[in-house]
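# Breakdown of the fold
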Amino acid sequence: MTANTFDLNGIIDRQEVIICSGSGGVGKTTTSATIAIRAALRGKKVLVCTIDPAKRLANSLGIEEMSGVEKEVDKERFEAAGVEMKGTLTALMLDMKRSFDELVERTAPDEATRQKIFNNTIYKNVSTALGGSQEYIAMQKLADLHASGRYDLIVLDTPPTRHALDFLEAPSKIGEFFTARIVDWFFKPGSRSGSLGYRMFQRGGSAFLDILKRLTGAQLLDDIADFFANFDALVPEFNRQGKALKELLASSKVTFLIVTAADELASEESVHFLDMLERMNMPFGGFIVNRVHRAYGVELSEKQPVIEKLRKAKAPEDLPGGKATWQALLDNFAQFLALARADHATVDRLSARAGGKVAAVPFFDKDVYDIPDLLAINEHLGTL
């Protein structure tokens, strides 16, 4: 077994940005909140930036409604739980539409272009639906917050993408969207003025255009044309910012923590994500494996003799159902230990791949949302 080298306190003390990445449904949001709490308890001025937190998680931090406005968490909530918050904890839920609007405001060359984009029907509908836009906006917001210098540490909960790699590829995806060959197909030299909708698809044939006009209306074609024409002026700045984002992500100020589950699919994707980080020379802090079934002190390689010994034991006298219930409980315990054995084997594989930089958070028998539960998770991430 590889010796454990995971050092969350060291990461918190050294880094300015911690990015919690991983596929959807593995507990990134809860993990991000837990890490942010730990950093604030250690005296850091911390911002946790999330995408879509569960309402109960927001409420447990004393935030009735998370929005695109930064909100500081009341320290008294932690004092009531028996801990002293030496620093500060601020929470921010990314408002994708608002963040995209802010990006356009900064990037547009003039007020006229800015207003044309904001008033465009296509922009209103796709500003939060473009492939890669959530990931791109999350990183752009991260860059803005980091540049502000208002926080010692920013903990970013990445968007709930199906594949974690989408996050790393986001800066390129946005640029590719606006510089793709389809844009050149839409617009031909000399056609970027006036009513462009009727000149679109000229190589595609008038029959296709007639069908599209009947289905969508001519105004929609004009809106699409204007959308691309106005955004074309923003492409160079998008590309510049994308390059700057890549440089920030690869810097010594940032580290990635890969949050995963103990199942085979999630762990394989996590290893794939680590492979990509290494190829891109981006910093890696470790794996955090959530919902690992506990062994309850049983040596998992010897679980069968333990179960057999318990089966021979007499059922507790006050157990409802007597021997039948006892045997059913043991069957359940045996299945639980089988899951634990598989989970711990996965943790060992991840540990070997990461040079021991792995933390295992056990499976809790209830949803984890309140502050005592978040503090309990912290206990499994190392001594405060």
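Up top is the structure.
These remarks concern the structure in this document. (Residues numbered from 1 in each chain as written. Predicted model: local features only at pLDDT ≥ 70, side-chain atom pairs only at ≥ 80, totals over all residues. Heavy atoms only, no water.)

Check the secondary structure of the protein chain and you find 17 helices and 8 strands. Within the protein chain, the proportion of its 384 residues that are buried is 49%. Of the roughly 18600 Å² of accessible surface on the protein chain, 51% is carried by carbon and sulfur atoms. (Helix = DSSP H or I, 4+ residues; strand = E, 2+ residues; numbered from the N terminus. Buried < 20%, exposed > 50% of the residue type's maximum accessible area, 1.4 Å probe, protein only. Areas by Shrake-Rupley, 256 points an atom, 1.4 Å probe, with all protein chains shown as cover.)

Moving on: the packing of helix 2 (residues 28–41) against helix 17 (residues 371–379). Closest axis-to-axis distance for the helix 2/helix 17 pair is 9 Å, and the angle between their directions is 80°. On the basis of their axis angle, the class for helix 2 and helix 17 is roughly perpendicular. For the pair formed by helix 2 and helix 17, the contact residues are Thr30, Thr34, Ile37, Arg38 and Leu41 on the first element and Leu374, Leu375, Ile377 and Asn378 on the second. In terms of residue class, the contact of helix 2 with helix 17 is made up of 5 nonpolar, 3 polar and 1 charged. (Axes fitted to C-alpha atoms, helices over the stretch in contact; angles between N-to-C directions. Parallel < 35°, antiparallel > 145°, perpendicular 65-115°, else oblique. Contact = heavy atoms within 4.5 Å. Nonpolar A, V, L, I, M, F, W, Y, C, P; charged D, E, K, R; others polar.)

Another aspect to go through is helix 16 (residues 322–353). Between the first and last C-alpha of helix 16 there are 47 Å, a value that for 32 residues agrees with the 46 Å anticipated at 1.5 Å per step. Inspection of helix 16 places Trp326, Leu330, Ala334, Leu337, Ala340, Asp343, Thr346, Val347, Leu350 and Ser351 among the buried residues, and these make up the whole buried set. Its buried side turned inward, helix 16 meets strand 6 (254–261), helix 14 (264–279), strand 7 (284–292), helix 15 (303–312) and strand 8 (358–362). Following helix 16 by one or two positions, Gly355 has its phi on the positive side, about 65°. (Expected span 1.5 Å × (residues − 1).)

One finds Ile19, Phe231, Phe256 and Phe287 to be the most contacted residues of the largest nonpolar core, which totals 54 residues. Among the elements that line this core, the one with the most residues is helix 8 (residues 133–148), at 7 residues. Every residue in contact with Phe256, bar those within four places of it in the chain, is listed here: Ile19, Ser21, Phe167, Leu168, Leu249, Phe273, Leu277, Met282, Pro283, Phe284, Gly285 and Gly286. (Core = buried A, V, L, I, M, F, W, Y, C linked by side-chain atoms within 4.5 Å.)

Another point: helix 17. Of all 9 residues in helix 17, 7 are buried, a share of seventy percent or more. Among all positions of helix 17, only Ile371, Asp373, Leu374, Leu375, Ala376, Ile377 and Asn378 are buried. One side-chain oxygen of the residue at the start of helix 17 lies 2.9 Å from the amide nitrogen of Asp373, identifying that residue as Asp370. (Polar contact = N/O pair within 3.5 Å; in protein donor to acceptor, adjacent residues only side chain to side chain.)

Note that Glu76 resides in helix 4 (residues 76–79). By relative accessible area, Glu76 is classed as exposed at 54%. Spatially, the C-alpha atom of Glu76 lies 9.8 Å from that of Gly62, the residues being 14 residues apart in sequence.

On to the side chain of Asn9. Within the secondary structure, Asn9 sits in helix 1 (residues 8–14). Residues within four places of Asn9 in sequence aside, it is in contact with Arg38, Arg42, Thr383 and Leu384.

All right, on to the sheet that holds strand 7 then. What the 8 strands build is an open sheet, ordered 3-4-2-5-1-6-7-8; its pairing is mixed. Whereas interior strands pair on both sides, the edge strands pair on one side only; in this sheet they are strand 3 (71–72) and strand 8. Its contacts with the sheet put helix 14 on strand 1 (17–21), strand 6 and strand 7, and the angle it makes with strand 6 is roughly 165°. (Pairing = 2+ DSSP bridges.)

We note that Asn281 has phi near 55°; this positive angle belongs to a residue other than glycine. For Asn281, the location among the structural elements is in the loop between helix 14 and strand 7. Residues other than glycine seldom take positive phi values, yet Arg291 does so here, at roughly 60°. Residue position: Arg291 is located in strand 7. A relative accessible area of 40% places Arg291 in the partly exposed class.

A separate point is the pairing of strand 4 (residues 88–93). Most of strand 4 sits out of view: 5 of its 6 residues are buried. With 6 bridges joining them, strand 2 (residues 45–50) and strand 4 adopt parallel strand pairing. From the neighbouring strand, Cys49 faces strand 4, where its bridge partner is Leu92. As defined by bridge partners, strand 3 adjoins strand 4 across 2 bridges and the pair is classed as antiparallel. Residue pairing in the sheet places Lys71 in a bridge with Ala91 of strand 4.

Glancing now at the pattern of salt bridges. Under the defined criterion, the tally for this structure stands at 10 salt bridges. Two residues, Arg150 and Glu70, come together in a salt bridge whose shortest N-O distance is 2.9 Å. With Arg150 in the loop between helix 8 and strand 5 (153–157) and Glu70 in the loop between helix 3 (55–60) and strand 3, the pair connects residues that are 80 residues apart, well separated along the chain. On the accessibility criterion, Arg150 (38% relative accessible area) is partly exposed. A salt bridge links Lys141 to Glu102; the shortest N-O distance between them is 3.2 Å. One end of the pair, Lys141, is in helix 8; the other, Glu102, is in helix 5 (residues 96–107), and 39 residues separate them in sequence. For Lys141, a relative accessible area of 16% puts it in the buried group. On the accessibility criterion, Glu102 (23% relative accessible area) is partly exposed. Taken together, the shared-partner salt bridges connect Arg98, Glu102 and Lys141 into one network. (Salt bridge = Lys/Arg side-chain N within 4 Å of Asp/Glu carboxyl O.)

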